[in-house]
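# A closer look at the structure
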Amino acid sequence: MTAETRKPILEAKGLVKTFGRVVGLDVSDLALYPGEVLAVVGDNGAGKSTLIKCLSGAEVADEGEIELDGEIVSFKRPQDSRAVGIETVYQTLAVAPALDIASNLYLGRELRRSGLLGSVFRMLDNKTMKQHAKEQIAALGIGTIQNIGQAVETLSGGQRQAVAVARAAAFGSKVMILDEPTAALGVRESNQVLKLIVKLRERGMPVILISHNMPQVFEVADRIHIQRLGKRAAVVTPLTHTMVEVVGIMTGALKIDESGQTLHSVR
Amino acid sequence: MTQTEPAVHDAAEFMDRRTFPARMQSLLHRYPWISPALVLLIAVFTLSFFNQYFATPNNLSLIAQQVAVVGSIAVGQTIIILTAGIDLSCGAIAVFASMVMAKTAFENHVPGWIAFILGLVVGTAAGGFNGYLITKVKLPPFIVTLGTFNIFTALTLLYATGRTVRDTEVDPFLLKLGSIFSIGTFHITVGVLVMLLMYAAVAFVLRYTAWGRHVYATGGDIEAARLAGIQVNRVLMSVYMVAGFIFAITAWVLIGRVNAASPNSGIDLNLDSITAVVIGGTSLFGGRGTVVGSLLGALIVGVFRNGLTLAGLDVYYQTLAVGLLIIFAVSVDQWIRRSKS
Ligand SMILES: Nc1ncnc2c1ncn2[C@@H]1O[C@H](COP(=O)(O)OP(=O)(O)OP(=O)(O)O)[C@@H](O)[C@H]1O
Ligand SMILES: [Mg+2]
């Protein structure tokens with residue numbers, strides 16, 4: 001299973017993204033292979049979120065290209081990537097505060113009723129959406145959510161995060177991108193999300209997981225993409241490198257050479 | 001997964017132990033029209049106590065007729081405020097559309113219904129112009145509509161050349177909404193009926209269609225809505241155009257109400273519609289509220305003005321009361337919001 005012999009399912013080459021004078025991405029690459037969990041780590045402001053936003057169409061890169069299954073794609077808005085089966089949980093969660101959980105799960109892809117009520121009066125099929133939403137939340141094992149009709153703004157931070165993850169899990173068919181999905185979660189809920197990630201991998205779904213939690217990363221990741229100063233600094237695996245080494249590369253204390261084998265201290 | 005059960009149970013018990021204000025708060029949060037409904041009930045009850053004529057069918061019919069124009073325009077204002085926007089030009093659009101309707105029919109001898117459609121087109125286009133400046137030029141709604149308020153007012157005066165189209169000159173089709181019909185001892189204008197129909201239609205669309213949901217999502221958090229795959233600019237554009245259309249229908253109600261089309265009418269509509277929406281419990285921060293609330297808000301203002309007049313109070317006290325109501329409504333909104341963040 002050497003990465004080089006397989007073709008990436010999702011690949012970014014030379015992405016550049018600037019915000020006025022701030023450089024978010026400075027010629028950054030990323031490769032995600034079929035069936036793997038790729039962790040993306042890096043300091044605050046290293047460009048992790050910007051990178052995955054470019055992959056999902058939430059931001060449009062100034063330069064560089066993105067390939068899905070070997071074909072160049074250009075995502076202009078989030079719904080473009082969703083349309084081809086890429087689901088993203090953003091760091092900001094992107095839930096509509098005043099709407100209930102079921103409405104949030106189906107936001108932007110609501111189901112309409114069959115017959116004239118749906119086609120002429122455009123009425124929503126709330127019953128089915130509620131039913132499915134309930135099942136999705138239950139499948140995640142987030143038991144503290146009592147009422148699927150509850151407005152999302154009345155939920156705790158962790159519960160909101162669960163809703164965002166449930167939404168992605170419900171619709172993702174090709175790639176899942178999770179930007180710090182466990183940041184606000186308790187131990188039990190974090191474990192549920194990790195279990196979900198493992199389950200997704202068992203189903204053959206490739207996952208990009210951004211996380212600051214090293215033990216978590218080492219637990220579930222197949223490979224670790226280390227982002228530093230808007231660039232991909234290195235890609236390592238939990239088997240070949242230790243947490244200390246990964247943190248060293250993240251902070252620039254350690255440099256990795258071309259072969260990815262030997263590390264030497266910068267200082 | 002035996003852990004799940006007690007967790008739900010604990011949480012449920014915790015819910016039941018909430019204090020009364022906390023429960024009130026979440027109730028109002030869920031149904032923001034409750035507080036205006038209560039205010040309206042109390043107002044009607046109190047005012048009928050002070051004056052025997054107040055609660056008569058004749059007087060209540062009169063209030064309904066007085067409220068029809070503001071009530072109609074508030075429908076459009078509500079959907080705009082739900083997107084965290086505001087429209088200071090709504091009254092100017094309505095008056096502009098009313099002049100187009102009345103003048104093309106009177107001076108250019110266009111059939112009444114065609115003149116009406118022309119007015120609808122002008123109103124929708126005016127709303128679209130606001131929407132364009134907000135979504136494409138990316139200016140804040142407040143500034144845009146402050147500007148277009150002046151533009152539309154000036155265009156109206158230029159077009160009308162300062163002249164009112166009087167009752168005998170207005171096409172009969174355009175006067176239709178002023179005609180009165182009776183339900184029992186109540187005498188209601190067709191305009192009131194049209195207003196109620198608009199409320200029903202917009203309430204339905206907001207509640208039962210994807211578009212309605214997208215309006216709330218866009219108003220609640222525009223970036224989140226965008227990331228969730230909603231075309232927020234398209235939603236905003238459609239909202240301002242639909243509102244413009246509603247303001248043009250209001251023009252029809254307005255002509256029926258004043259029995260003429262005057263370029264100087266409806267000056268107060270711009271702010272009065274915002275008053276109705278805010279008193280009706282819709283949040284100026286967007287994302288929360290109902291059109292039904294705005295109807296209640298318009299009725300509250302109508303009831304206060306009418307009832308306080310009957311009680312022999314000076315008009316300044318009415319204005320004072322409306323001002324206090326606005327402050328009260330916004331305070332309630334803030335109180336609801338605070339707990340939820
Ligand atoms: N919308 C924006 N406007 C301006 N600057 C931005 C914007 N988004 C990101 N940046 C900048 O781009 C850089 C990378 O930000 P990014 O959010 O990708 O970091 P990150 O690696 O996700 O950090 P964190 O771990 O804190 O989430 C930062 O310097 C940030 O200030
Ligand atoms: Mg980030």
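Please refer to the structure higher up on the page.
Described in the following lines is the structure provided in the data block. (Residues numbered from 1 in each chain as written. Chains lettered and ligands numbered in written order. Predicted model: local features only at pLDDT ≥ 70, side-chain atom pairs only at ≥ 80, totals over all residues. Heavy atoms only, no water.)

### Overview of the coordination of the magnesium ion (ligand 2)
The coordination sphere of the magnesium ion (ligand 2), as far as protein atoms go, consists of Ser49(A) (OG) and Gln91(A) (OE1), spread over 1.9 to 2.1 Å. Highlighted residues: Ser49(A) in helix α1 (residues 48-56) and Gln91(A) in the loop between β6 (86-89) and α3 (101-105), separated in sequence by 42 residues. (Donors = N, O, S within 2.8 Å, 3.2 Å for Na, K, Ca; no water. Helix = DSSP H or I, 4+ residues; strand = E, 2+ residues; numbered from the N terminus.)

### Notes on the side chain of Ser49(A)
Separated by 2.7 Å, the side chains of Ser49(A) and Gln91(A) make a polar contact. Among all residues touching Ser49(A), those that are not within four sequence positions of it are Gln91(A), Asp179(A) and Ile210(A). (Polar contact = N/O pair within 3.5 Å; in protein donor to acceptor, adjacent residues only side chain to side chain. Contact = heavy atoms within 4.5 Å.)

### Examining a nonpolar patch on the surface
Residues and elements named next belong to chain B. Taken together, the side chains of Trp113, Ile114, Ile117, Leu118 and Val121 make up a nonpolar region of the molecular surface, amounting to roughly 440 Å² of accessible area. When you line up the elements, Ile114 lands in helix α6 (residues 112-135). Of the residues examined, Ile114 reaches a relative accessible area of 32% and is grouped as partly exposed. (Patch = residues over 30% accessible without salt bridge, like charges linked within 9 Å, V, L, I, M, F, W, Y side chains within 5 Å. Areas by Shrake-Rupley, 256 points an atom, 1.4 Å probe, with all protein chains shown as cover. Salt bridge = Lys/Arg side-chain N within 4 Å of Asp/Glu carboxyl O. Buried < 20%, exposed > 50% of the residue type's maximum accessible area, 1.4 Å probe, protein only.)

### A word on the sheet that holds strand β1 (residues 10-19) of chain A
All names here are of chain A. Spatially, β2-β1-β4-β5 is the arrangement adopted by the four strands of the open sheet, whose pairing is antiparallel. Whereas interior strands pair on both sides, the edge strands pair on one side only; in this sheet they are β2 (22-32) and β5 (71-73). Looking at each pair of strands side by side, their axes are set apart by 30 degrees on average, direction ignored. Where strand β4 (residues 63-68) meets β5, three bridges bridge the pair, whose relative direction is antiparallel. Paired with Leu68 across the bridge in β5 is Glu71. (Pairing = 2+ DSSP bridges. Axes fitted to C-alpha atoms, helices over the stretch in contact; angles between N-to-C directions.)

### What about the sheet that holds strand β7 (residues 175-179) of chain A?
Residue and element names in this part refer to chain A. If you trace the six strands from one edge of the open sheet to the other, you get β6-β7-β8-β3-β9-β10, paired in mixed fashion. In this open sheet, the two edge strands, each paired with only one partner strand, are β6 and β10 (231-236). Going across the sheet, the axis of each strand differs from the next one's by a mean of 20 degrees, ignoring polarity. The pairing of strand β9 (residues 223-228) with β10 spans five bridges and is antiparallel. Residue pairing for β10: Arg228 is matched across the bridge by Lys231. Helix α6 (residues 157-171) contacts β6 and β7 of the sheet and is inclined by roughly 175 degrees relative to β6.

### A short note on the nonpolar core
Core analysis: the biggest nonpolar cluster contains 94 residues, and Leu174(B) and Leu206(B) have the highest contact counts within it. A per-element tally of this core places helix α12 (residues 232-258) of chain B first, with 14 residues. Among all residues touching Leu174(B), those that are not within four sequence positions of it are Met101(B), Ala102(B), Ala105(B), Gly112(B), Phe116(B), Trp252(B), Ile255(B) and Gly256(B). Core analysis: the next-biggest nonpolar cluster, separate from the first, contains 35 residues, Leu93(A), Ala164(A), Ala169(A) and Leu194(A) among them. (Core = buried A, V, L, I, M, F, W, Y, C linked by side-chain atoms within 4.5 Å.)

### Here we look at the pattern of salt bridges
For the structure shown, the criterion picks out 13 salt bridges over all chains. Here Lys17(A) ties to Asp62(A) by a salt bridge, and the two come within 3.9 Å at their closest N and O atoms. Of this pair, Lys17(A) sits in strand β1 while Asp62(A) is found in the loop between α1 and β4, placing the two residues 45 residues apart along the sequence. Taking the relative accessible area as the measure of exposure, Lys17(A) reaches 11% and is therefore buried. Notably, a salt bridge pairs Glu169(B) with Arg166(B), separated by 3.4 Å at the nearest N-O pair.

### Remarks on the interface of chain B and chain A
In this assembly, 29 residues from chain B lie in contact with 35 residues from chain A. Carbon and sulfur atoms supply 59% of the area that chain B and chain A bury against each other, a total of about 2,700 Å² over both sides. Counting the surface chain B buries against chain A, the share from its top three residues, Arg213(B), Leu227(B) and Ala228(B), is 25%. Linking chain B to chain A there are zero salt bridges. Elements represented by at least two residues in the side of chain B that touches chain A include exactly α1 (4-16), α2 (20-30), α9 (190-208), α10 (210-220) and α11 (222-227) of chain B. (Buried area = accessible area lost by both parts, 1.4 Å probe.)

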